[in-house]
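Below are the chains, spelled out letter by letter.
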Amino acid sequence: MRVIFDPRQTEHAPERELHNGAWAPYAEVPARAESIAALFDCQPARDFGMAPLEAVHAPEYLQFLQDAWTDWQQTGRGGDAIPYAFPVRRRRALSLERIDARMGRHAFDAATPIARDTWKSAYWSAQTALTALEDLLTGTQPATFALCRPPGHHSGHDYMGGYCYLNSAAIAARHALSSGAKRVAVLDVDYHHGNGTQDIFYESADVFFASIHADPSTDYPFYWGHADECGAGEGQGTTLNVPLPRGTQWNAYRDALAGVVERLSAWKPELVVVSFGADTFAGDPISEFLLRTEDYEQMAQLVATIGVPILVVMEGGYAIGDLGANTASFLAGIAT
Ligand code: Q9C
Ligand code: ZN
């Protein structure tokens, strides 16, 4: 399997996050990516520039991500920039200058700090996905792996959240369309619903977004990912959400995935982008599904039955001691 990993992605290192209302060490640490990279012969990212990012994210949001840490430092506070006040829906779309207001305007949670090197790492995370996409489209292999960090699937058109700043999977999917693909599927198997990706493609007929995730009635991100969210406008019917209860094991997960794979196969995508999170693992410290290492190989084999090229993009997974083995298990199943 061709694996793209850019070491600049490990420079992003926030100190702490607000986890269930209390300060906790930041779970999305550089060692996550390093523990996976150590198992493969990785190639660095190539630079596709800003245009593919601008095709997904608002220019003002991209500028905000580049400015936020410096602007925050200029208040004299030190530490990571953390949003704490949010414009609730129905407020006017005010465009305020103060960094505190800009933080809230571009975030949906307080769990996603901006540290000194956040922009650099997020930029190279997106470029990692673009590089793996190009290698997939120009090569002969059935799949490539973008070892992205920070993750992306909670990030929307103009917002960050859930450890995500730039939506690398969405950026790759849209770049595939601009490179000539007509129908691209994004299959999100992270424990958490991929709300950012869903929002980005909610009204798009050329991208099918399907997600299996913890029921948002009980789990983050709460306000997206319910089974009745099916897309809108031209995208009506091209969003599919399958929420599963806490405690889900492989047998029930497999049945849900089989149904999703059937729907995707019937839609006939030319390419599948898999948002792969290993936080469905039984030992994950922040999640409540019960998959085992060997289940990931079977999961991938089922996904591979769709029979089209597959770009695997790394999302979450926080059991660092098992993350490499779980990811390798998935990649083994994709390639066989
Ligand atoms: N107890 C990804 O896996 N923590 N992001 C919320 C819930 C944020 C997870 C607190 C979890 C984000 C990419
Ligand atoms: Zn997750």
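Residues numbered from 1 in each chain as written. Chains lettered and ligands numbered in written order. Predicted model: local features only at pLDDT ≥ 70, side-chain atom pairs only at ≥ 80, totals over all residues.

Caption draft 1: Representation of the sheet that holds strand β5 (residues 143-146). Taken in spatial order, the 8 strands of this open sheet run β4-β1-β5-β10-β9-β6-β7-β8, and their pairing is parallel. Strands with a single pairing partner mark the edges of an open sheet, and in this sheet they are β4 (42-43) and β8 (239-244). Bridge count for strand β6 (residues 184-188) against strand β9 (residues 271-276) is 5 bridges, and the pairing is parallel. Bridge assignment links Ala185 to a residue of β9, and that residue is Val272. Seen against the sheet, helix α8 (residues 250-267) touches β6, β7 (207-214), β8 and β9 and runs at an angle of roughly 175 degrees to β7. (Pairing = 2+ DSSP bridges. Helix = DSSP H or I, 4+ residues; strand = E, 2+ residues; numbered from the N terminus. Contact = placed C-beta atoms within 7 Å. Axes fitted to C-alpha atoms, helices over the stretch in contact; angles between N-to-C directions.)

Caption draft 2: The site of ligand 1, seen in detail. As a matter of local geometry, ligand 1 sits amid 15 residues, with Ala111, Pro151, Gly162, Tyr220 and Gly316 nearest to it. By residue class, the composition of the shell around ligand 1 is 5 nonpolar, 7 polar and 3 charged. (Near = placed C-beta within 6 Å. Nonpolar A, V, L, I, M, F, W, Y, C, P; charged D, E, K, R; others polar.)

Caption draft 3: Up close: the pairing of strand β2 (residues 16-19). Here 4 bridges tie β2 to strand β3 (residues 22-25), and the two strands are oriented antiparallel to one another. When the bridges of β3 are listed, His19 appears paired with Ala22. If you look at the hairpin formed by β2 and β3, you'll find 2 residues sitting between the two strands, and Asn20 has a positive phi there, around 50 degrees.

Caption draft 4: How the structure looks around the environment of Leu96. Position of Leu96 among the secondary structure elements: in the loop between α3 (59-73) and α4 (99-105). Its 11 C-beta neighbours within 10 Å are what place Leu96 among the exposed residues. On a C-alpha basis, the gap between Leu96 and Trp250 in space is 47 Å, while along the polypeptide they are 154 residues apart. With residues up to four places along the chain from it excluded, the contact list for Leu96 reads Ala101 and Arg102. (Buried ≥ 20, exposed ≤ 12 C-beta atoms within 10 Å, placed from the backbone.)

Caption draft 5: Fine view of the packing of α8 against helix α9 (residues 293-304). Orientation of α8 relative to α9, taken along the N-to-C sense of each, is 15 degrees, at an axis distance of 10 Å. Taken together, the axes of α8 and α9 are roughly parallel relative to one another. By crossing handedness, the relation of α8 to α9 is classed as right-handed. Across the interface between the two elements, Trp250, Arg254, Leu257, Ala258 and Val261 of α8 pack against Asp295, Gln298, Met299, Leu302 and Val303 of α9. (Parallel < 35°, antiparallel > 145°, perpendicular 65-115°, else oblique. Left-handed = near helix turned anticlockwise from the far one by under 90°.)

Caption draft 6: Layout of α3. Compared with an ideal rise of 1.5 Å per residue, which puts 15 residues at 21 Å, α3 spans 22 Å between its outermost C-alpha atoms and is within 8% of the ideal. By the largest-angle criterion, Asp67 marks the main kink of α3, which is about 50 degrees. Among all positions of α3, only Tyr61, Leu62, Phe64, Leu65, Ala68 and Trp72 are buried. In this structure, the buried side of α3 is in contact with α2 (51-54), α4 and α5 (118-138). (Expected span 1.5 Å × (residues − 1). Bend = angle between axes of the 7 residues up to and from the residue.)

Caption draft 7: Spatial organisation of the UniProt feature "domain: Histone deacetylase" (unreviewed entry) in the chain. According to UniProt, the "domain: Histone deacetylase" (unreviewed entry) feature falls on residues 43-332. Along residues 43-332 the backbone is 37% helical and 12% strand, and the end-to-end C-alpha distance reaches 18 Å. (UniProt positions renumbered as here; feature names shortened; annotations may be inferred.)

Caption draft 8: Representation of the pairing of strand β10 (residues 310-314). Counting buried positions over the 5 residues of β10 gives 5, a clear majority of the element. The side-chain alternation of β10 yields two buried faces, one formed by Ile310, Val312 and Met314 and the other by Leu311 and Val313. Where β5 meets β10, 4 bridges bridge the pair, whose relative direction is parallel. Bridging across to β10, Ala143 finds its partner in Ile310. Relative to β10, β9 runs parallel, the two being bridged by 5 bridges. Note that in β10 the partner of Val272 across the bridge is Ile310. In this region the chain leaves β9, passes through α9 and returns to the parallel neighbour β10; the handedness of that crossover is right-handed. (Right-handed = clockwise from strand over helix to strand, strands pointing away.)

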